[in-house]
Every structure is written in structure tokens, then in C-alpha cells.
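Listed below are the residues making up each chain.
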Amino acid sequence: MNKRIRKTNDHRFAPRRALLSAAILGGIALAGFGTNARAADDTSLTWNGITLYGTVDVGIAYQNHGAPLSQDFYPTLQYMIGSSNNKSITTIASSGLSQSKVGLRGVEPLTDVLSFVFNLETGFNPTSGKLADAPQSLINNNGVALADRKSAGDGSRAGQLFNGQAWGGFSSKDWGTLSIGRHVTLFGDNTTKYDPMNGSYAFSIIGYSGLTAGMGDTQDVRLDDSVKYTIKHDWFHAGALYQFGKSAWQLDAGFDYAGFSVDALWGQKKDAIAAASLSAAQVATPGVPFNSLAATISDNEAWQIAGSWTGGPFKVSGGYEHITFSNPDLPVAAGFAGLGGYWISFTNNAAFPHDRKLDVSWIGLKYNFTKDLDLTGAWYGYNQDAYGAVKCSDNRSGNCSGNEDVWSVRLDYRITKRFDVYAGAAWSEVEDGLASGFLNKSATTLMTGFRFNF
């Protein structure tokens, strides 16, 4: 990873090519469904074991402290407080409850007990029609003053044709599922499973930010070149994931019994990358491509325990994750193509004079008034220890100890099986080290929208 790689393509045109390819793929699939869909199931877009599925989620949002809409960043807005949030904004926004996406999954029985399975999925922004592309949103802010930046953030969806997942493998009821390719990780699966807001961008910080699901870095919510194994037997389930080349491990064990569900996870990632926009000084550096990024490199280790209980109309869910960031054992030199082919022109391999330790906690309650109407409330919290050369507990530096709190509430009404409308609010606030360099310390987000699942 520390070898210099020549950049052979201008990535500015990749989203257009990818979008065209996705349209062709969807057209071919729909052509088949139009004449061969199974008459016995008019609610499923399935043909010869291949299913087309997707989500379109669009709404209107208001923020007292926000940043302008991004056409590339896949939440589209900085729904939670960010360093550049400073303007009162009312705007169209997307993916408030869940990522807008389209995908194909398939099952082909090979024997009575074994099937071939696959899943190909891409996320997109319905406000622009572009493929979800977090690194491009960061590039859009290269050299831009903080107060003038658009919404942006790092992420595992980087404009790839299949920026969600892309894997194939084998599945057996008795022996589980083994697959190879690009996967949502075990931490990603379980963070969404036990998030009271189900991974919502607008109302959940562990949904909006991939820090928790990515063991510290949001690029690692999904891992290329990985092998994933999951198995379920009666009340017990377990899983393992390994990424080749960049050395990532994850293990999971849990149970589902009498309304209770609990999972415990452990994971480790070497040379994790947190990408960032270039500063004005970095942009002015001779020989640096403008459409490149800076990155902080770390070795991360995390463990998580999370659970839920369902009884009658109530569901309680919550969790805790402890993440340790260390300077990498093998420093990574600048000058390489990162996720999505984006060029990394600057690297920081010494960001953690002491290990950074971050605790993430959350808890929430969902109440079902009817089978189609529910109300959910939740709290999320970050707690960071000081990790700089000099310990501090104020906002002079991002390596001082600090906290972040998010409170949210959401009402969701399913008009039909596939179509629901929602409205909610989230309030987020940062303190001390986690507020360092921020233009404002808190933000209130109000959003209403609709979601169509097929």
C-alpha cells in the first residue's frame, strides 16, 4: 500500500460511466421481469432466481446550523453537527431514513442443501442522480474556507459501480453462508441491527457517520477483497470476516431468544484511512493534483456489545463500542490511489502520540401504535480520552478529551407495504476536544420525507 501507483484515469468521469453502466444493467434486468416475472408473487421483482430491489428516500430538511447540500456526499447534508455547519438552511435532501439504492441479488440451487448466492448493490443520490461518492464531496471542498464549504465527509461509497456490496458465494441452511468480494462488515451489520433508528442518516449519528460501523474509520464499513462467513443454528449465530492485503479481522457471536437479541464483536484493521479535504496550503503545494486528498493513517482495534428486547408494542435497543486508534506499525507514504481510485497526496502517520480511545454508547425505545405507525426516540454519545503529547480537556485541539451527544425522535407511517412517510428531529452537540475548530457547537435538524422500497 506504500508503493507509488500511477493514476491512469481522470476520476471525474468515472461516476458518469458508472451511472450509464448501472442504467444498462437495470434496463436488462427489467426487460426480463417485464415478460417473465413469476405470476404467483406480484410483490417481488424476481426472475429465474434474480431479484431487483432498491430504495428511493427523499424529503425536505431544515437546520439552524448547516452546510449547503452536496450532490456527491451520500447523506447529501451534514445532518449532525460538523466543523463547517454555520448557516440556517431549508433544502431538499435525501436518504434521511435509509440509503437510496438499487441492487440485484440472486439464488441458484445447486443441490438439495447448497445454493450459489450473490449480491450487487449501488447507492445513489436522488437529488442529483449521481452515484454516492464521499471522497468526491471532500475534493469539492479542497482549499475552500471552512465557512464556505458544502456538506461533505469520508465514506466507503466512493463512486464505484457497486459502491454498496458486490459478492458471490455459497449458502447452506445447515452450514451457513461463505462469500467472497466486497462486503458490509460484521460491525456494519450489527450497528444497523441494534441502532434504534436503523442506520438513519438524519436521526442517528451511528447511521450518519460510519465511525462506529467501521471500527473507527468510515471507509471500513465496507471492505473490498474480503471473505465473510455467517452461520445460524437455532438460537445461536456467529460470523467471521477477513480482508486480504490490508489485514482486517472481525469476529461475531450472538443469540436470539424469547424476544432478546445480543451480539458481541471484536475487530482489528491495519492501515485504516481517514480521508480529508486539502487545506489551502496543501492545494498550493507544487505538483499536488487538485483532485486529490489528504489522509490520516492508523491501526484500529474495536469491540462492541449490543442488544435488543421486543415485547408487545415496545422494542428497546442499545449498545456500546470501544475503539482504539494507534499510529500504524507500517507507515504509509503519500502518493497512492485510495478507495475509488482517488489519489492520496498527503499522509499523517503520527496523529496519535498516545493511543486515542473513543467510547460510543447508544440506547433507544420504539413504540408501535399500530403495525403501520411507530414512534422512536434515541440517545447517542461519544466520549474521547485525550491523546496528544500534552493532555488537555478543552477545545484548543482535536486531541483533547471531549464529548458529543445526539438526541433524536422520529415518527414513521407505512401507507402501503412499500411506501412510508416520516418526520423527525435530531439535536447534536459537541464539547471540548470534539468541538475543536468547529464554527458552531450544536445543530438542530428537522426533516420530513417519504421512502419507497421495492
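Within each chain, residues carry numbers counting from 1 in the order of the written sequence. pLDDT decides what is reported in this predicted model: residues at 70 or higher carry local features, side-chain atom pairs at 80 or more are listed and counted, and totals for whole chains, interfaces and linings draw on all residues regardless. Each side-chain value is worked out from all heavy atoms of the structure, with water and hydrogens disregarded.

K.L.:
Explain the overall build of the chain here, please?
P.N.:
In terms of helices and strands, the chain carries five helices and 20 strands. Note on method: radius of gyration uses C-alpha positions; expected globular size equals 2.2 Å times residues raised to 0.38. Compactness check: the chain gives a C-alpha radius of gyration of 22 Å against a globular reference of 22 Å for 454 residues, within 12% of the reference. For the exposure calls, accessible area comes from a 1.4 Å probe over protein chains only, and a residue counts as buried if that area is under 20% of its type's maximum, exposed if over 50%, partly exposed in between. In the chain, which comprises 454 residues, the share counted as buried stands at 50%. The contacts of the chain with a sequence gap of at least 6 include a subset with a gap of at least 24, amounting to 67%. The helix count covers DSSP runs of H or I at least four residues long, the strand count covers runs of E at least two residues long, and both are numbered beginning at the N terminus. Throughout, a contact is declared for two residues whenever any of their heavy atoms are within 4.5 Å.

K.L.:
Looking at this model, I keep getting lost on the pattern of salt bridges. Mind explaining?
P.N.:
Should their charged atoms come close, side chains of opposite charge can pair. Here a salt bridge means any side-chain nitrogen of Lys or Arg lying within 4 Å of a carboxyl oxygen belonging to Asp or Glu. For the coordinates displayed, the defined rule picks out 16 salt bridges. A salt bridge links Asp299 to Lys270; the nearest nitrogen and oxygen atoms lie 3.7 Å apart. Remark: Lys270 occurs in strand E11 (residues 260-276) and Asp299 occurs in strand E12 (residues 292-311); sequence separation between them is 29 residues. Note on Asp299: relative accessible area 7%, which makes it buried.

K.L.:
It is not clear to me how the side chain of Gln384 should be interpreted in this structure. Could you clarify?
P.N.:
Note that Gln384 resides in strand E17 (residues 373-384). Nitrogen and oxygen atoms within 3.5 Å of one another constitute a polar contact, given that in protein one can donate a hydrogen and the other can accept it, and given that sequence-neighbouring residues count only through two side-chain atoms. Here Arg356 takes part through its side chain, which lies 2.8 Å from a polar atom of the side chain of Gln384. One polar contact links the side chain of Gln384 to the main-chain carbonyl oxygen of Gly398, over a distance of 3.1 Å. What Gln384 contacts, discounting residues up to four positions off in sequence, is Arg356, Lys357, Leu358, Gly398, Asn399, Cys400, Ser401, Gly402 and Leu434.

K.L.:
For this particular structure, what's the right way to read the nonpolar core?
P.N.:
Soluble globular proteins tend to pack their nonpolar side chains together in the buried interior. Grouped together as the largest cluster of nonpolar side chains are 48 residues, with contacts concentrated most on Tyr79, Phe203, Val360, Tyr380 and Met447. At the level of elements, helix H3 (186-194), helix H4 (205-208), E12, strand E13 (314-326), strand E16 (356-368), E17, strand E19 (419-432) and strand E20 (442-453) are the ones that each hand at least two residues to this core. By nonpolar core is meant a set of buried Ala, Val, Leu, Ile, Met, Phe, Trp, Tyr and Cys residues that side-chain atoms within 4.5 Å join together. Of all hydrophobic cores here, the second largest spans 12 residues; its members include Ile139, Ala152, Ala275 and Ile297.

K.L.:
For this particular structure, what's the right way to read the packing of aromatic side chains?
P.N.:
Here a ring pair, both rings aromatic, is described through the centre-centre distance and the interplanar angle of the planes. Only rings of Phe, Tyr and Trp enter the pairing, Trp through its six-membered ring, and a pair is recorded when the two centres are within 6.5 Å. The plane angle decides the type: under 30 degrees is stacked, over 60 is edge-to-face, the rest tilted. Enumeration according to the criterion identifies 19 aromatic pairs in this entry. Here Phe116 and Phe170 contribute two aromatic rings whose centre-to-centre distance is 6.1 Å and whose plane-to-plane angle is 70°, an arrangement assigned as edge-to-face. Here Phe116, found in strand E5 (residues 115-123), pairs with Phe170, found in strand E6 (residues 165-172); they are 54 residues apart in sequence, far enough to count as distant. Phe116 sits in the partly exposed class, given a relative accessible area of 32%. Looking at Phe170, the relative accessible area reads 43%, which means it is partly exposed. Residues Trp303 and Tyr320 carry aromatic rings whose centres are separated by 5.4 Å and whose planes lie at 55° to one another, so their mutual orientation is tilted. Of this pair, Trp303 sits in strand E12 while Tyr320 sits in strand E13, and the two are 17 residues apart along the sequence.

K.L.:
Even after reading the chapter, I still don't get the state of the cysteines, so can you show me in this structure?
P.N.:
A disulfide bridge is the covalent bond that connects two cysteines by way of their sulfur atoms. Whenever a pair of cysteine sulfur atoms sits within 2.5 Å, that pair is classed as a disulfide. Going through the model one piece at a time under the given rule, you end up with one disulfide. Residue Cys392 pairs covalently with Cys400 via a disulfide, S to S 1.9 Å. With the S-S dihedral at roughly -100°, the linkage between Cys392 and Cys400 falls on the left-handed side. One exposure class covers both Cys392 and Cys400, and it is buried.

K.L.:
So what exactly am I meant to see when it comes to the pairing of strand E10 (residues 248-257) here?
P.N.:
Remember that side chains alternate between the two faces of the sheet whenever the strand is regular. Here eight bridges tie strand E9 (residues 236-243) to E10, and the two strands are oriented antiparallel to one another. By the bridge assignment, Tyr242 is partnered in E10 with Trp249. The hairpin formed by E9 and E10 contains four residues between the paired strands, and Gly245 there has a positive phi angle of roughly 80°. Any two strands with at least two DSSP bridges between them are considered paired. The sheet contact formed by E10 and E11 spans 10 bridges and is antiparallel. By the bridge assignment, Gly254 is partnered in E11 with Asp263. Taking the residues between adjacent antiparallel strands as the criterion, E10 and E11 are bridged by two residues, where Ala258 takes a positive phi near 50°.

K.L.:
For this particular structure, what's the right way to read a nonpolar patch on the surface?
P.N.:
Exposure above 30% relative accessible area and the lack of any salt bridge qualify a residue for a patch; like charges then connect within 9 Å, and the nonpolar side chains Val, Leu, Ile, Met, Phe, Trp and Tyr within 5 Å. Reported accessibility uses the Shrake-Rupley method at a 1.4 Å probe radius. Residues are deemed covered only where the shown protein chains occlude them. A contiguous nonpolar surface patch, about 520 Å² in accessible area, is contributed by Phe260, Trp309, Phe314, Val316, Ile363 and Leu365. Secondary-structure elements contributing two or more residues to the nonpolar patch are E13 and E16. Its place among the elements puts Phe260 in strand E11. For Phe260, a relative accessible area of 43% puts it in the partly exposed group.

K.L.:
Looking at this structure, how should I read the environment of Asp224?
P.N.:
Following the sequence through the fold, Asp224 ends up in strand E8 (residues 222-233). Residue classification places Asp224 among the partly exposed positions, given a relative accessible area of 28%. Residues Asp224 and Ala166, 58 residues apart in the sequence, show an inter-C-alpha distance of 8.7 Å. Side-chain polar atoms of Asp224 contact the side chain of Arg182, separated by 2.8 Å.

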